Amino acid sequence: MNISYRWLSRHVDLTGISPEELADNLTLSTAEVEGLEPFAPHMNDVVVGHVLERVQHPDADKLGVCQVDVGNDEVLNIVCGAPNVAAGQNVAVAKVGTRLPGDFKIKKSKIRGVPSFGMICSEAELELGDGHDGIWVLPEGLTPGTPVAQAMDMGDWIIEIDNKSLTHRPDLWGHRGLAGEVAAIFERELKPLDLSLPKLGDGKAFPVRVDDAACTRYLGLAIDGVKQEASPQWLQFLLMAVGQRPLDLLVDLSNFVMLDLGQPNHAFDRTQLSEQGIVVRRAAECEKMITLDEVERDLSAADLLITDGNRPVALAGIMGGQDSKIEGATDKLLLEVASFAPAVIRRTSARLGLRSDSSARFEKSLDPLLPVAAAGHFARLLLDIQPGVTFPMQLSDAGDWSDPSCSIEVRGDVIRGRLGIDLDDPGIIAILERLYLKPSSANGVITVNIPACRATKDLGMEQDIVEEVGRIYRYGNVPTRALIGAIEPVAQDPRRALVRSLQDRMAGGARFHESMGYSFVPGVLLKGLGILDEPRVSVINPVAEGVSKMRRSLTPSLLDAAIKNRQRTGEVALFEVGKGYLPESDDAKTEPKEVHMLGAVLALARDASRSFRETALARLHAVATDLLTSQGITLATPAAATVVPVWAHPKKCLAIQSADTQGYLGFVTALDPGTSVEIGFAGDVASEVAVLHICIDALLAESLTGFAYRPLPKFPEVKVDVAIQAPDLIPAVDLVTLIEKAGKGIVAGVEPFDEFRGDSLPADTRSLAFHVRLYSDTRTLTDKDSAKFLKRLTGSLMAAGAELRGA
């Protein structure tokens, strides 16, 4: 919201207070000032010129050549095309070198062979109005060469205030209210302002009927004898300073009163209203009206209308209607000043996408006493400009309203204690008096009388009074005091530290994307996974139909997200740390059991040429191994899971166990191909999918050391690659066990790296290749050690029904 420094000075003496000081103090005590800039600074460079002579251009019918006195004995030859320029006029002249709005620099030029040394400006060229048809003719008696800003007394500063700072202060949406704040801050008095109604005629009040409680008060003031003319210059300049475009006297006065007092108002052509008068009602469903912006609006039953019986003449609190705008030579008006329910105005404004200065103010809960003051202000301003206007009828005043004024009691000790200041009761009372809160004191209790303008939304309880005293006293004046309190180290949370570490590892080196899924899972997905009939926690009022069941593990949520993401990319790597909910619980309150876990899904587009080490299962198993090793856990040799989920591949589900405690930590598995297709990994998104499940609670039961120093090996390792031909019935983990046993303590690691099937092998047989690392911490191993290892391995394999290829 823009505030004019000059406008404020109409209400409070600002002598000795610079615009910068005023802005700083408003920020510290009232509302944040976002900007401060001079009004029309280019007008300091435009000077008053006196036209000495105008003659016809020798080579252009529509141009004239003017001799213009610009002071200091300087006469400029200026070519001008305005039809209204004439000798003897005072005009606004932009001399050579002057920059006008739009970064337009005036240069010496030659127009149709005649030199021109400047420009005689119109109001439009100076961004002071819309007049393009002629130059701006200034009043008589001005001194040539004087800057126009000085000669026309245009000096002003624009203070831009953050609207959010004023949302709770409806009284500050006008200059008068802000002037009251300035007066309180600088301990000055508000200048008197006569807001009383002028003498009204004896005629019967114009008919007004309020049929809806959303209009709490409606005033109608009849005015006769109005002349339609331009506003006086002082009024136009004030409106332009705050961003309002001057139009004509009635519109400008209406805007001026709104911006002065914060009370919107609207003038109707009384001759266009029916004899039924004004009726305030709700719109009928599908009713239409054309607003002043010439847009047809589709209305609903939630909208409030001002009508003259059946015909809408205004959209209440937002904008007038096209049919009742003031046109022609009418001199009979009806001034509307009203109060409306904020929520109704806000909803209609938002639904129609139609915000106005009026609606912005009505949304803030305006003072119901303000309409009478606004009507009086409008009437007296109009009388000052046009003394011949009359008010032939009594004031129409309809609606069910009440005075919101109230009182709040507070003790001085409470204010001092909460603010931490040493301010006696007389000092507190003095501050409250500066805020026009009319305090009184008795028996240590201060009674604060809240005026209606502060009672609708702002001041309503003891804490509000504390804040009022604090902001005027200034929080910067509150003495600093050392904070006294015991400082204790924050308790360590092992679970949180573990989760953060796992998240960093998965999102970092593993390059998985973290997902945050809903705790509810759709029944269709559960059915596809074959787990719809599992016992589950269900909710009575689900957020959507079909998602009443809560997840037991993270797998369904991750698979659902993976299916959707596979439509966009060939590889999806997701993980989540979250909770599953089990209905089976030994809790005395029979509350569901929460299980904390980490889940991950890796979905790859199917590729027959993919190597064994690049399969989804191999990659996810490697991720799991790295993840747990990073926590200091030594993993046991992979073994087939004893309990395999129904959706998992029956031959490719590995248990993850601790080598030290043999504790079960989770599992990693390939998704069953049939289930994969059933849940949506089919067609263009056919995928090879692997799933990881790790129990956080089981990890916390382990001795987690994280990364620890490991000494470099004293002796070199020996790497041996072996290829084992084995029936499909022998799991790969059993082969790994045979390899480890054949080493008799020197096998440091076994890593599968290839799988082969082909016509050269018997049916239902495959060849698995392994990297085997041999190491002894007491000596250097030799080729003999490798040969002995391979010999023992050959025997063990033959006994198990397998063989060492190439042996």
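Up top is the structure these notes are about.
A quick note: this is a predicted structure, and the numbers were derived from the prediction, not measured. (Residues numbered from 1 in each chain as written. Predicted model: local features only at pLDDT ≥ 70, side-chain atom pairs only at ≥ 80, totals over all residues. Heavy atoms only, no water.)

Visitor: Is there a simple way to think about the overall build of the protein chain in this case?
Guide: Within the protein chain one finds 21 helices and 40 strands. In terms of C-alpha radius of gyration, the protein chain reaches 43 Å, well past the compact-globule figure of 28 Å for 807 residues. Structurally, the protein chain occupies a C-alpha span of about 125 × 85 × 60 Å along its principal axes. With 807 residues in all, the protein chain has 49% of them scored as buried. In the protein chain, 70% of the contacts between residues at least 6 apart in sequence involve partners at least 24 apart. Split by element, the accessible area of the protein chain, about 39,800 Å² in all, is 51% carbon and sulfur. Taken together, the 83 basic and 109 acidic charged side chains of the protein chain have centroids lying 7 Å from each other. (Helix = DSSP H or I, 4+ residues; strand = E, 2+ residues; numbered from the N terminus. Rg over C-alpha atoms; globule rule 2.2 N^0.38 Å. Buried < 20%, exposed > 50% of the residue type's maximum accessible area, 1.4 Å probe, protein only. Contact = heavy atoms within 4.5 Å. Areas by Shrake-Rupley, 256 points an atom, 1.4 Å probe, with all protein chains shown as cover. Lys, Arg positive; Asp, Glu negative; His and termini not counted. Charge placed at Lys NZ, Arg CZ, Asp CG, Glu CD.)

Visitor: In this structure, what is going on with the packing of aromatic side chains? I would like to understand it.
Guide: How two aromatic rings sit relative to each other is given by the distance of their centres and the angle of their planes. This structure, assessed with the given rule, holds 5 aromatic pairs. Between Trp-7 and Phe-256, the ring centres sit 4.6 Å apart and the planes meet at 5 degrees, which makes this aromatic pair stacked. Here Trp-7, found in helix α1 (residues 5–8), pairs with Phe-256, found in helix α6 (residues 249–261); they are 249 residues apart in sequence, far enough to count as distant. Residue classification places Trp-7 among the buried positions, given a relative accessible area of 0%. Aromatic pair Trp-234 and Phe-256: ring centres 5.8 Å apart, planes at 90 degrees, arrangement edge-to-face. Within this pair, whereas Trp-234 is found in helix α5 (residues 233–241), its partner Phe-256 is found in helix α6, the two being separated by 22 residues in sequence. Given a relative accessible area of 0%, Phe-256 falls into the buried group. (Phe/Tyr/Trp six-rings, centres within 6.5 Å; stacked < 30°, edge-to-face > 60°.)

Visitor: I would appreciate a short explanation of the side chain of Gln-725 in the present structure.
Guide: As for its position among the elements, Gln-725 is in strand β37 (residues 718–727). If sequence neighbours within four positions are ignored, Gln-725 has contacts with Leu-761, Pro-762, Thr-765, Arg-766, Ser-767, Ala-802, Glu-803 and Arg-805.

Visitor: What should I look at first to understand the side chain of Asp-458 in this one?
Guide: Inspection of the secondary structure assignment puts Asp-458 in the loop between α12 (452–455) and α13 (462–473). The class of Asp-458 is buried, set by a relative accessible area of 11%. Among the polar contacts made by the side chain of Asp-458, one reaches the side chain of Arg-169 at a distance of 3.2 Å. Once residues lying within four places of it in the same chain are set aside, the contact partners of Asp-458 are His-168, Arg-169 and Asp-464. (Polar contact = N/O pair within 3.5 Å; in protein donor to acceptor, adjacent residues only side chain to side chain.)

Visitor: Would you take a moment to explain the sheet that holds strand β23 (residues 332–340) for this structure?
Guide: Note on sheets: strands pair through backbone hydrogen bonds, and any given pair is parallel or antiparallel. Ordered by their spatial adjacency, 4 strands build an open sheet running β16-β23-β15-β24, and the pairing between neighbours is antiparallel. Of all strands in the sheet, those bounded by a partner on one side alone are β16 (266–269) and β24 (396–398). Direction aside, neighbouring strands of the sheet carry axes that sit 20 degrees apart on average. Relative to β23, strand β15 (residues 215–224) is paired through 9 bridges, and the arrangement is antiparallel. Bridge pairing in β23 places Ile-223 opposite Leu-333. (Pairing = 2+ DSSP bridges. Axes fitted to C-alpha atoms, helices over the stretch in contact; angles between N-to-C directions.)

Visitor: How should I be thinking about the packing of α6 against helix α9 (residues 370–385) in this particular structure?
Guide: When two helices pack together, their arrangement is captured by the angle between the axes and the distance separating the axes. Following both chains from N to C, one finds α6 and α9 inclined at 135 degrees, their axes separated by 10 Å at the closest point. Regarding the angle of α6 to α9, the classification is oblique. When the axes of α6 and α9 are compared, the crossing they make is right-handed. Facing Leu-249, Leu-250, Leu-253, Ser-254, Phe-256, Val-257, Asp-260 and Leu-261 of α6, the residues of α9 in contact are Leu-370, Ala-373, Ala-374, His-377, Phe-378, Leu-381, Leu-382 and Ile-385. Tallied by class, the residues present in the contact of α6 with α9 amount to 13 nonpolar, 2 polar and 1 charged. (Parallel < 35°, antiparallel > 145°, perpendicular 65-115°, else oblique. Left-handed = near helix turned anticlockwise from the far one by under 90°. Nonpolar A, V, L, I, M, F, W, Y, C, P; charged D, E, K, R; others polar.)

Visitor: I'm lost on the pattern of salt bridges in this one. Help?
Guide: When their charged atoms lie close together, side chains carrying opposite charge are able to pair. Under the criterion given, the structure shown has 42 salt bridges. The salt bridge involving Arg-99 is made with Asp-103; its shortest N-O contact spans 2.8 Å. Here Arg-99 falls in the partly exposed class, since its relative accessible area comes to 43%. Taking the relative accessible area as the measure of exposure, Asp-103 reaches 56% and is therefore exposed. Overlapping salt bridges bring together Arg-169, Asp-171, Glu-181, Arg-454, Asp-458, Glu-468 and Arg-471 as one network. (Salt bridge = Lys/Arg side-chain N within 4 Å of Asp/Glu carboxyl O.)

Visitor: Just to check I follow, could you spell out helix α10 (residues 412–419) for this structure?
Guide: Because each turn of an α-helix spans 3.6 residues, side chains separated by three or four positions end up pointing in the same direction. Among the residues of α10, Gly-412, Ile-415, Arg-416 and Leu-419 are the ones counted as buried. The buried residues of α10 occupy an angular sector of 95 degrees when projected down its axis, which confines them to one face. Turned more than 90 degrees away from the buried face of α10, the exposed residues are Asp-413 and Gly-417. Elements that come into contact with the buried residues of α10 comprise β25 (406–411), α11 (425–434), β27 (445–450) and α13. In the stretch just after α10, Gly-420 is the one whose phi turns positive, near 70 degrees. (Arc of directions from axis to C-beta.)

Visitor: Explain the sheet that holds β25 here, please?
Guide: Read across the sheet, 3 strands follow the order β25-β27-β26 without closing on themselves; strand pairing throughout is antiparallel. Either end of the sheet is taken by a strand with one partner, and the two such strands are β25 and β26 (440–442). Across this sheet, the average inter-strand angle for adjacent strands is 25 degrees, counted without regard to direction. Here α11 sits on the sheet and contacts β26 and β27; the angle it forms with β27, its principal contact strand, is near 0 degrees.

Visitor: What should I look at first to understand the pairing of strand β20 (residues 304–307) in this one?
Guide: Within a regular beta strand, the side chains point alternately toward one face of the sheet and then the other, so they alternate between its two faces. A two-sided burial pattern is seen for β20, the buried positions comprising Leu-304 and Ile-306 on one face and Leu-305 and Thr-307 on the other. With 4 bridges joining them, strand β17 (residues 278–282) and β20 adopt antiparallel strand pairing. Bridge assignment links Arg-282 to a residue of β20, and that residue is Leu-304. Linking β20 to strand β21 (residues 312–315), which pair antiparallel, is a turn of 4 residues; within it Gly-309 sits at a positive phi near 115 degrees.

Visitor: Looking at this structure, I do not really get unusual backbone geometry. What am I missing?
Guide: What you tend to see is this: most non-glycine residues have negative phi, and most peptide bonds are trans. The phi torsion at Cys-286 lies on the positive side, around 70 degrees, for a residue other than glycine. Note that Cys-286 resides in the loop between β17 and β18 (288–290). Judged by its relative accessible area of 64%, Cys-286 is exposed. In this structure, Lys-438 is a non-glycine residue whose phi angle is positive, near 45 degrees. Given a relative accessible area of 64%, Lys-438 falls into the exposed group.

Visitor: I keep staring at a negative patch on the surface and nothing clicks. Help me out?
Guide: Taken together, the side chains of Glu-32, Glu-34, Glu-37 and Glu-160 make up a negatively charged region of the molecular surface. Take Glu-37: it is sitting in strand β2 (residues 33–38). The partly exposed category is assigned to Glu-37, whose relative accessible area is 48%. (Patch = residues over 30% accessible without salt bridge, like charges linked within 9 Å, V, L, I, M, F, W, Y side chains within 5 Å.)

Visitor: Would you mind showing me how to read the environment of Val-148 here?
Guide: On the secondary structure map, Val-148 appears in helix α3 (residues 148–151). Assessed through its relative accessible area of 0%, Val-148 is described here as buried. Distance from Val-148 to Ala-205, taken between C-alpha atoms, is 47 Å for residues 57 residues apart in sequence. Contact partners of Val-148, with chain neighbours within four places excluded, come to Met-43, Val-46, Val-47, Val-48, Ala-92, Trp-136, Leu-138, Asp-153 and Met-154.

Shape is all these values report; function is a separate question.
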